[in-house]
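# Descriptive structure summary
What follows is the residue order along each chain.
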Amino acid sequence: MVIDQCPHRITGALAFPGVTIYPAQFETAGEERFLGLLPLCSEVSEVAAQPEKIVYKLDGAERHYTPDVRLRLTTTAAPYIIYVEEKNLAYLVRPDNLKKYLAIAQTLLSQGHQLHFITNDQLKVVWCDNAHLLFRYLGRQVPLEFEMRVTEALPQAREIGVLLTELGANEMLADLYALISQNKLCIDWDQPLNRRALVSLPDQPFARMSYERIRTSGRFADLLAEMAMGRRPSDQRLRAAACARRWPLSGPSPLGFVGALTPAQLGHFKRAMSAAFANAAGCAAAEDCDANRDKPETEGGN
């Protein structure tokens, strides 16, 4: 039997102390990756997932929309709030969906707010992998003496492994990752994070990760910016290219479930589930082998 639609919504939730006002639920793998980046963004001070219902009109009918995320951003000016919808790019620019989301964006603009669009084109794999590694250290308390020694040893970018060796602190890798996760140190986010990665003080030369960097990255950033202003994309070739992209849709994570997990608990759960799936696959393969072995041979060959 083939089931092509799950009758229940599969969700998970992530909690980041000091950032999420309540556990941030996600319904797709794309939302999970996006949420995992947000606590590492220097200007994000608050994250609320599926925060409220917004009333808008489409084709003369009143409709309701629940945004994926509401962010409070703190910059040099006063803090401000934006709403974010995370979607697969090809799905987002389909004619029916484009019409819907432009209507929502126009409604929010009329209320003094903005709706931004984040897609798989912006969520770089290496960024998400680095974030997945770092967010488990967000709440770690780093000894002040170690932080001061690292700061003094970084007049310029250094390899993490070399830096720790020179400080005689090879066992302090977790503390150094914690300083990165707390934006006290910076990395080249376009490179994998490991002992060979370069680390620096903020802006010497590497910058902190930011929501603005995520939003303005990728080939289709200008197209998405037009949509945020409630306008149809003016570059039809770019829109056609977006429609033609064949990324897999961001379906629910097979490891998702209802509930709130700390990053460490989520990691333990994923490892346990992966082991269970591997064991189940092994058992299924063994059963297939047994069935084939016990199958009587037929005469006449092929």
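Reading the values: rules and limits
Residues numbered from 1 in each chain as written. Predicted model: local features only at pLDDT ≥ 70, side-chain atom pairs only at ≥ 80, totals over all residues. Heavy atoms only, no water. Phe/Tyr/Trp six-rings, centres within 6.5 Å; stacked < 30°, edge-to-face > 60°. Helix = DSSP H or I, 4+ residues; strand = E, 2+ residues; numbered from the N terminus. Buried < 20%, exposed > 50% of the residue type's maximum accessible area, 1.4 Å probe, protein only. Contact = heavy atoms within 4.5 Å. Lys, Arg positive; Asp, Glu negative; His and termini not counted. Salt bridge = Lys/Arg side-chain N within 4 Å of Asp/Glu carboxyl O. Pairing = 2+ DSSP bridges. Axes fitted to C-alpha atoms, helices over the stretch in contact; angles between N-to-C directions. Core = buried A, V, L, I, M, F, W, Y, C linked by side-chain atoms within 4.5 Å.

Now for the packing of aromatic side chains. Applying the stated criterion across every chain yields a total of 4 aromatic pairs. Seen in terms of ring centroids, Tyr 65 and Tyr 101 are 6.3 Å apart; in terms of plane orientation they differ by 85°. Their pairing is edge-to-face. With a gap of 36 residues between them, Tyr 65 in strand β5 (residues 61–65) and Tyr 101 in helix α3 (residues 95–110) connect regions that are remote in the sequence. Here Tyr 101 falls in the buried class, since its relative accessible area comes to 3%. Pairwise contacts between aromatic rings join Tyr 65, Tyr 101 and Phe 117 into one cluster.

A word on the environment of Arg 213. Note that Arg 213 resides in helix α8 (residues 211–215). Take Arg 213: its relative accessible area is 26%, and that puts it in the partly exposed class. Sequence separation of Arg 213 and Cys 41 is 172 residues, and the distance between their C-alpha atoms is 9.1 Å. When near neighbours in sequence (up to four residues on either side) are disregarded, Arg 213 contacts Trp 127, Trp 189 and Asp 190.

Turning next to the side chain of Glu 31. Mapped onto the elements, Glu 31 comes out in helix α1 (residues 29–37). Buried and unpaired, Glu 31 has no salt bridge, with Lys 87 as the nearest side chain of opposite charge at 5.0 Å. Those residues in contact with Glu 31, other than ones at most four positions away along the chain, are Gln 25, Phe 26, Asp 68 and Glu 86.

A regular strand places its side chains so that they alternate between the two faces of the sheet. Among the 5 residues of strand β6 (residues 69–73), 4 are classified as buried, and the element is accordingly described as predominantly covered. Pairing analysis gives 5 bridges linking β6 to strand β7 (residues 80–87), with the strands arranged antiparallel. Across the sheet, the residue bridging to Leu 73 is Tyr 80, located in β7.

Below, the discussion takes up unusual backbone geometry. Residue Pro 205 is reached from Gln 204 by a cis peptide bond, and omega for that bond is 10°. Within the fold, Pro 205 resides in the loop between β11 (198–200) and α8. In the Ramachandran plot, Asp 59 falls in the positive-phi region, its phi being about 55° despite a non-glycine side chain. In this structure, Asp 59 sits in the loop between β4 (54–58) and β5. Looking at Asp 59, the relative accessible area reads 59%, which means it is exposed.

Turning to the sheet that holds β7, a few remarks are in order. With mixed pairing, the 4 strands of this open sheet are ordered in space as β3-β6-β7-β8. Both outer strands of the open sheet, β3 (44–49) and β8 (115–119), are each paired with one neighbouring strand and no more. Between one strand and the next, the sheet's axes are offset by a mean angle of 30°, whatever the strand orientation. Relative to the sheet, α1 contacts β3, β6, β7 and β8, its axis offset from that of β7 by approximately 145°.

Across soluble globular proteins, nonpolar side chains have a tendency to be buried as a group. Core analysis: the biggest nonpolar cluster contains 57 residues, and Leu 71, Ile 160, Ile 180 and Tyr 211 have the highest contact counts within it. If we skip the residues at most four places from it in the chain, Ile 180 touches Leu 134, Ile 160, Leu 185, Ile 187, Leu 193 and Val 199. Membership of the second largest hydrophobic core comes to 24 residues, among which are Leu 89, Leu 102, Phe 220 and Leu 224.

We now examine the sheet that holds β11. The strand order across the open sheet built from 3 strands is β9-β11-β10, with neighbouring strands paired in antiparallel fashion. On the outer flanks of this sheet lie β9 (158–159) and β10 (186–187), each paired with one strand and no other. Sheet topology note: the β9/β11 ladder contains 2 bridges and is antiparallel. Counted as the bridge partner of Glu 159 is Leu 198 from β11.

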